[in-house]
Amino acid sequence: QVQLVESGGGLVQAGGSLRLSCAPSGRIFSSYAMGWFRQAPGKEREFVAGISGNGGSTYYVDSVKGRFTISRGNAKNTVYLQMNSLKPEDTAVYYCAAAVKPFLGPDFVGLDSQDYNYWGQGTQVTVSS
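Remember, it's a predicted structure, so these values are computed and weren't measured experimentally.

## Here we look at the overall build of the protein
Helices and strands together make up the secondary structure of the protein, namely zero helices and 11 strands. Each helix and strand of the protein, placed in order from N terminus to C terminus, yields the pattern β-β-β-β-β-β-β-β-β-β-β. In summary, the protein has a C-alpha radius of gyration of 14 Å against a globular reference of 14 Å for 129 residues, a match within 12%. Across its three principal directions, the C-alpha atoms of the protein cover 45 × 30 × 25 Å. A total of 129 residues make up the protein; the buried ones form 41% of that total. The long-range share in the protein, meaning contacts at least 24 apart out of those at least 6 apart in sequence, stands at 60%. Carbon and sulfur atoms make up 46% of the accessible area of the protein, which totals about 6700 Å². For the protein, the distance from the average site of its 11 positive side-chain charges to the average site of its 9 negative ones is 7 Å.

## With respect to unusual backbone geometry
Although it is not a glycine, Ser85 sits at a positive phi angle of roughly 50°. Residue position: Ser85 is located in the loop between β8 (79-83) and β9 (92-98). Judged by its relative accessible area of 41%, Ser85 is partly exposed.

## Focus on the side chain of Arg67
Mapped onto the secondary structure, Arg67 falls in the loop between β6 (58-60) and β7 (68-72). At 2.8 Å, the side chain of Arg67 and the side chain of Asp90 are in polar contact. In contact with Arg67, other than residues within four places in its own chain, are Gln82, Met83, Asn84, Ser85, Leu86, Lys87 and Asp90.

## Observations concerning the state of the cysteines
Evaluation of the coordinates by the stated rule reveals one disulfide. The disulfide partner of Cys22 is Cys96, and the S-S distance across this bridge is 2.0 Å. Taking the torsion about the S-S bond as the criterion, the Cys22 to Cys96 disulfide, at about -75°, is left-handed. Highlighted residues: Cys22 in strand β3 (residues 18-25) and Cys96 in strand β9, separated in sequence by 74 residues. Cys22 gets classed as buried once you look at its relative accessible area, which sits at 1%. On the basis of relative accessible area, Cys96 is assigned to the buried category, the value being 0%.

Reading guide: rules and limits
- Residues numbered from 1 in each chain as written.
- Predicted model: local features only at pLDDT ≥ 70, side-chain atom pairs only at ≥ 80, totals over all residues.
- Heavy atoms only, no water.
- Helix = DSSP H or I, 4+ residues; strand = E, 2+ residues; numbered from the N terminus.
- Rg over C-alpha atoms; globule rule 2.2 N^0.38 Å.
- Buried < 20%, exposed > 50% of the residue type's maximum accessible area, 1.4 Å probe, protein only.
- Contact = heavy atoms within 4.5 Å.
- Areas by Shrake-Rupley, 256 points an atom, 1.4 Å probe, with all protein chains shown as cover.
- Lys, Arg positive; Asp, Glu negative; His and termini not counted.
- Charge placed at Lys NZ, Arg CZ, Asp CG, Glu CD.
- Polar contact = N/O pair within 3.5 Å; in protein donor to acceptor, adjacent residues only side chain to side chain.
- Disulfide = S-S within 2.5 Å.

Have a look at this one:
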């Protein structure tokens, strides 16, 4: 069974940067689409960024475009979220997700939580003003 392990969250001042990491443990599959979501207190979970299995396609929610970058690492299925120019409204629990569905093509990028079937436990990101 695949488990996703996130790291890199923490407390940072507005304008600062953080880098989140997500790596699978357990059984390893071939590269598949992965994404980052976040959930702030009292709000629904929202899509932040996604990347295709081959790393060739990425998508971002409008509020983070130009500030966040999703990328894949050399280790198979490791994914990162580089967050720059952080704002207090970025404060949330950030979740890594994987779309382990063999029928999806290597260019697929999931934009909805229903596209993903494996989730990490989340890492807290707090941005102070």
